[in-house]
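Coordinate analysis (summary)
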Amino acid sequence: MGKMTVVSWVTLFGMVLLAVLPPLFLMNGQAFYMDLATRLVILGIAAVSLNLILGFGGMVSFGHAAFIGLGAYAVGIPAHHATWGGFDLIASYNGFLHLGLAISISALFALITGAISLRTKGVYFIMITMAFGQMAFFLFQSLDVYNGDDGLTIDVRSEFPLINLDEPLQLYILSYVSLVGVMLLVRMIVNSRFGMVLQGAKGNNERMLTLGYNTYFYRLTAYVISGAMCGYAGFLLGNFTTFISPDMMHWTRSGELMFMVILGGASTLFGPVLGSSVFILVEEILSSFTIFWHLPFGLMLIGLVLFIRGGLMGLFKSKGR
Amino acid sequence: MDYTLLFVQVLNGLQLGLLLFLVASGLTLVFGILDFVNLAHGSIYMIGAFIGASLTLLLGNFLLAVLIAVPLTGVLGYLIERFVARQLYDKDHLDHVLGTFGLILVLDTSAHIIWGPAGITVPLPAWLDGQVALFTGVVFPTFRLLIISVGLAVAAGLFWLVNYTKLGMLIRAGASNRTMVSALGIDIQTLFALVFALGAMLAGLAGMLIAPITTASIGMGGQIIITAFVVIIIGGIGSMKGAFIGAIIIGLIDTLGRSFLDQLFELFMSESAAETAAPAVSAMMIYILMAIILAVKPQGLFPPKVR
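The shown structure was predicted, so the numbers you read here are calculated from the model rather than taken from an experiment.

**Digging into the interface of chain B and chain A**
Accessible area lost when the parts come together is the quantity often used to give the size of an interface. With 46 residues of chain B at the contact, the number on the chain A side is 39 residues. Between chain B and chain A lies a buried interface of about 3,800 Å² when both sides are counted; carbon and sulfur atoms form 84% of it. Across the contact surface, chain B and chain A share zero salt bridges. In this assembly, chain B and chain A are joined by four residue pairs in polar contact (both at pLDDT 80 or more). Looking at the side of chain B that touches chain A element by element, the count peaks at 16 residues for helix H4 (residues 93-115) of chain B. Looking at the side of chain B that touches chain A residue by residue, the classes come out as 32 nonpolar, 12 polar and two charged.

**With respect to the confidence of the model for chain A**
In the predicted model, chain A carries a mean pLDDT of 90, and 98% of its residues have values of at least 70. For chain A, the element scoring lowest by mean pLDDT is helix H13 (residues 311-320) of chain A, at 72; helix H9 (residues 215-241) of chain A scores highest, at 96.

**A look at the packing of aromatic side chains**
Under the defined criterion, the tally for this structure stands at 29 aromatic pairs over all chains. When the ring of A:Phe259 is compared with that of A:Phe279, the centres are 5.5 Å apart and the planes differ by 85°; the resulting orientation is edge-to-face. Taken together, the residues span a long stretch of sequence, with A:Phe259 in helix H10 (residues 251-264) and A:Phe279 in helix H11 (residues 271-289) at a distance of 20 residues. Assigned by exposure class, A:Phe259 and A:Phe279 land together as buried. By the ring-pair criterion, three or more aromatic residues cluster together here, those being A:Phe67, A:Phe109, A:Phe125 and A:Tyr223. Cation over ring: B:Arg82 sits above B:Phe83, and NZ or CZ is 5.3 Å from the ring centre.

**Quick notes on the pattern of salt bridges**
A side chain of one charge can pair with a side chain of the opposite charge if their charged atoms are brought near each other. All names here are of chain A. Under the defined criterion, the tally for this structure stands at seven salt bridges over all chains. One salt bridge connects Glu 283 with Arg 39, and the closest N-O pair in it is separated by 3.7 Å. Pair noted here: Glu 283 is in helix H11 and Arg 39 is in helix H2 (residues 31-56), with a separation of 244 residues, a long-range link. Of the residues examined, Glu 283 reaches a relative accessible area of 14% and is grouped as buried.

**Comments concerning the packing of helix H7 (residues 166-176) of chain B against helix H9 (residues 188-214) of chain B**
Residues and elements named next belong to chain B. Relative to each other, H7 and H9 sit at 100°, their axes nearing to 11 Å. In terms of orientation, H7 and H9 fall into the roughly perpendicular class. Seen from H7, the contacting residues are Leu 167, Leu 170 and Ile 171; seen from H9, they are Leu 191, Leu 194 and Val 195. Residues that form the contact of H7 with H9 fall into these classes: six nonpolar, no polar and no charged.

**Let's talk about the pairing of strand S1 (residues 131-135) of chain B**
Consecutive residues of a regular strand have side chains that alternate between opposite faces of the sheet. All names here are of chain B. Of all five residues in S1, zero are buried; the element is thus mostly exposed. Across four bridges, the pairing between S1 and strand S2 (residues 138-141) is antiparallel. Among the inter-strand pairings, Val 132 is bridged to a residue of S2, identified as Phe 140. Where S1 folds back on S2, the antiparallel hairpin that results is connected by two residues, among which Gly 137 adopts a positive phi of roughly 90°.

**Digging into the packing of H2(A) against H9(A)**
Residue and element names in this part refer to chain A. One can describe the packing of H2 onto H9 by two numbers: an axis separation of 7 Å at closest approach and a directional angle of 170°. It follows from the interaxial angle that H2 and H9 lie roughly antiparallel. Listed contacts from H9 to Asp 35, Thr 38, Arg 39, Ile 42, Ile 45, Ala 46, Ser 49, Leu 50, Leu 52 and Ile 53 of H2 are Ala 222, Tyr 223, Ile 225, Ser 226, Met 229, Cys 230, Ala 233, Leu 236, Leu 237 and Phe 240. Within the contact of H2 with H9, the residues separate by chemical class into 15 nonpolar, three polar and two charged.

About the criteria used
- Residues numbered from 1 in each chain as written.
- Chains lettered and ligands numbered in written order.
- Predicted model: local features only at pLDDT ≥ 70, side-chain atom pairs only at ≥ 80, totals over all residues.
- Heavy atoms only, no water.
- Contact = heavy atoms within 4.5 Å.
- Buried area = accessible area lost by both parts, 1.4 Å probe.
- Salt bridge = Lys/Arg side-chain N within 4 Å of Asp/Glu carboxyl O.
- Polar contact = N/O pair within 3.5 Å; in protein donor to acceptor, adjacent residues only side chain to side chain.
- Helix = DSSP H or I, 4+ residues; strand = E, 2+ residues; numbered from the N terminus.
- Nonpolar A, V, L, I, M, F, W, Y, C, P; charged D, E, K, R; others polar.
- pLDDT = per-residue confidence, 0-100.
- Phe/Tyr/Trp six-rings, centres within 6.5 Å; stacked < 30°, edge-to-face > 60°.
- Buried < 20%, exposed > 50% of the residue type's maximum accessible area, 1.4 Å probe, protein only.
- Lys NZ or Arg CZ within 6 Å of the ring centre and 35° of its normal.
- Axes fitted to C-alpha atoms, helices over the stretch in contact; angles between N-to-C directions.
- Parallel < 35°, antiparallel > 145°, perpendicular 65-115°, else oblique.
- Pairing = 2+ DSSP bridges.

This is the structure:
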């Protein structure tokens, strides 16, 4: 990596903080903060996955919450059938089955919707991804077998050998390690030849096409990787909340995810994690003061768009140079 | 097949389509000329419904309330343009989306603070509340007929405005080449504000018209905005004709799908399978239609010539 910049120090500091603080809170008997940290880290994974295509690929996906929902239902539906019977093919508490389903179904959904959405660009792409996200939302809302709008309670978490997801600390460690893994994966992708083409297409698509790169294929691949990673975040979220409902896929959730990425700083490695952390903490603090916390939250968002370029990470960047 | 029911459902679909057109026309107008993505358009629709509801209860007269409330939503639109949207025009679409997403949170919470968490039921005057017999044996709610007529009248009015007036000429010119219009000495800022206010009035009117049927409620904006987006994606973003045809298609397909898809499915699958599959498929149908249309025409059915 060479010389450490301010940005890399901030990244390292933030990640160490996330590794150390929550377990300390838990040891002090403050399980609430552990819960908060787990949610924050899981949403951080989702935000990192969105950033791969939004920040580095220039594809503004407004339907990413659908992948979280699909990942969560990949835990909830097999567990539901294992408890209540029916659908023998997938009825199981086996964690590897849940994980495999979460990733493959998200990837498949990304492949199909991405293949259509990526034929368009700009505003069309934003709105089509949003519409596909809503399609998933309405699908699960209309499925009475899985309680439709009311959602599913997961009675038994995904079962793995050696680790027990019922233990908050183990679930947190799994989420944290996953976050680090996903961040390293994104860094690897971005710095690879594949990632260079992706970023080149973001900057100037015509140029990349002229150079002979089939940018559609590169973008679709990135979209599928991002969808699968986000589905993985959904798998963790389902195991964390043990309650899943179509509301997880609502378009406002996708908007929040985008907000996290932009707040922290798109096309940086740590930005999405910083964004999700600040988002969850501010939400928590504001909502403890007033039930109308969406009002200051919305004003904050407008202010962010109007006044802060490059998100919070951008602040460190300007100081670093 | 019950043809009376089919006929009534076609009228219902038409009513939904025209309501969608009122919302989508504002969206497509604002996008076409301002190149601005306004997610908060649905919130204006909701606030229109609330203002209309409050005034109806205050004045005891639905029509009078609508006449006063429509200009009020125009003022709201103007204020939004002046203080938020105008600052965002030179930024990219992502910023539009995020900024107006923030605006939704602000507007929805404000509505929550002003009108409370529960919805408001809007009473109709007796002459609008009943049903009319269209043919022998076919009755249809008078108020839904009114929505159809108002929707058609507004569509005709917009068609006239865009194609045969000076303002419409400027709107079309602004949509195809903004810089040229302002270079010719047109006050583009005022034109933008006017277009934005017009879009807000159309959305507000739609909200007022649907409130007596569904009640005015906080979540109503978020529900219609996505469908309105699907309409303009199908029609071609920026095209008024596209918005009209797209809205009618979506209105009809959505309504007919919800009422007849189970019967259609029963032709080739068991009754219980059809009962499970039909709601799921009909919930997704407009998105599947959108996907098919985009797979064939990525720019929608009527892409605007420039852009």
